[in-house]
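Topology and contacts: notes
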Protein chains: 2
Amino acid sequence: MLTHIRYDSAGLITAIAQHHATREVLMLAWMNHEALQETLTTGRLCYYSRSRQKLWRKGEISGQIQYLVEARLDCDGDALLFLVDPTGVACHTVRRSCFYRALTPKGLITLTQPEKTRTNFIRILLPLKNVF
Amino acid sequence: MLTHIRYDSAGLITAIAQHHATREVLMLAWMNHEALQETLTTGRLCYYSRSRQKLWRKGEISGQIQYLVEARLDCDGDALLFLVDPTGVACHTVRRSCFYRALTPKGLITLTQPEKTRTNFIRILLPLKNVF
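1. Thoughts on the overall build of chain A
Across its full length, chain A carries 2 helices and 8 strands. Its helices and strands taken in sequence order, chain A reads β-β-α-β-β-β-β-β-β-α from the N to the C terminus. Expressed as a percentage of the 132 residues in chain A, the buried residues total 48%. Within chain A, contacts between residues separated by at least 24 positions form 39% of all contacts whose residues are at least 6 apart in sequence. Here chain A has roughly 7,200 Å² of accessible surface; of this, 53% comes from carbon and sulfur atoms.

Listed below in structure tokens is the structure:
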């Protein structure tokens, strides 16, 4: 089955994560063969970080895990779509989706604000502890 | 605004097309600066074909145009998401979405069949005209 998948010259393939219920597109990342195999066998999304050049097990540090609901391949085998059930936000800006900015004639417009998660509250409130 | 966009070393950026109403992810393609500018100014999706190495005005040949509803940029500026209103299918296999195959423990499973569009009927029926 994995022989149908066409990796690029760097051994990578694009991977879209979409919320399985709301259908919101959460993020776009990359996978190598190892990341894809791990994703399909563990049921948790594992990407390949191009900047860090190593596997990026989503949620390993942030706790924002993406559980696999369905994996899809496109017609020419060079793009993956994952329907996921996330435990939290997708974006490092603490937003549900990384696609939170719109390109408009007036410039870039921010569409969503950071979620009020527990982690985010701690991040906002901790600097205040020395004030009171 | 377009200065926030980070193209790769080949001058390209990934572009996801999502149906604006159903939220179905239709396809993943690529854009260069020119394709993106054309998309934003004409309101019709224009990609860059890596295989043909030229602009690919979606629907120019097939008639399956994608009208732009909203353009979004991700957090690190290297992926685009377009909410589109398509006049027909996205895939050259005459399916609504290019992501019509699921990766399952039993192998690749086809999730959707080709749409019964007029063009598709003609393609199916034309070879029969010599039979009757």
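Having put the structure on the table, let's press on.
2. A short note on the sheet that holds strand β8 (residues 107–110) of chain A
Whenever strands of a sheet pair, they do so through backbone hydrogen bonds, lying parallel or antiparallel. As summarised here, the arrangement of the 6 strands in space is β8(A)-β7(A)-β5(B)-β6(B)-β1(B)-β2(B), forming an open sheet in which the pairing is mixed. In this open sheet, the two edge strands, each paired with only one partner strand, are β8 of chain A together with β2 (25–31) of chain B. With direction set aside, neighbouring strand axes in the sheet form an average angle of 35°. The strands touched by helix α1 (residues 33–42) of chain B within the sheet are β7 (101–104) of chain A together with β2, β5 (66–73) and β6 (79–86) of chain B, with β2(B) carrying the most contacts at an inclination of about 125°.

3. Things to note about the relation of the copies chain A and chain B
Aligned on chain B, chain A shows an RMSD of 0.0 Å; the corresponding rotation is 180° and the shift along the axis is 0.0 Å. Seen this way, the second copy is the image of the first under a two-fold rotation axis. Residue Arg23(A) of chain A places its C-alpha closer to the rotation axis than any other residue of that unit, at 2.9 Å. The share of interface residues of chain A whose copies in chain B are also at the interface is 100%, consistent with both copies meeting through the same surface.

What counts, and at which threshold
Residues numbered from 1 in each chain as written. Chains lettered and ligands numbered in written order. Predicted model: local features only at pLDDT ≥ 70, side-chain atom pairs only at ≥ 80, totals over all residues. Heavy atoms only, no water. Helix = DSSP H or I, 4+ residues; strand = E, 2+ residues; numbered from the N terminus. Buried < 20%, exposed > 50% of the residue type's maximum accessible area, 1.4 Å probe, protein only. Contact = heavy atoms within 4.5 Å. Areas by Shrake-Rupley, 256 points an atom, 1.4 Å probe, with all protein chains shown as cover. Pairing = 2+ DSSP bridges. Axes fitted to C-alpha atoms, helices over the stretch in contact; angles between N-to-C directions. Least-squares fit on C-alpha atoms with pLDDT ≥ 70 in both.

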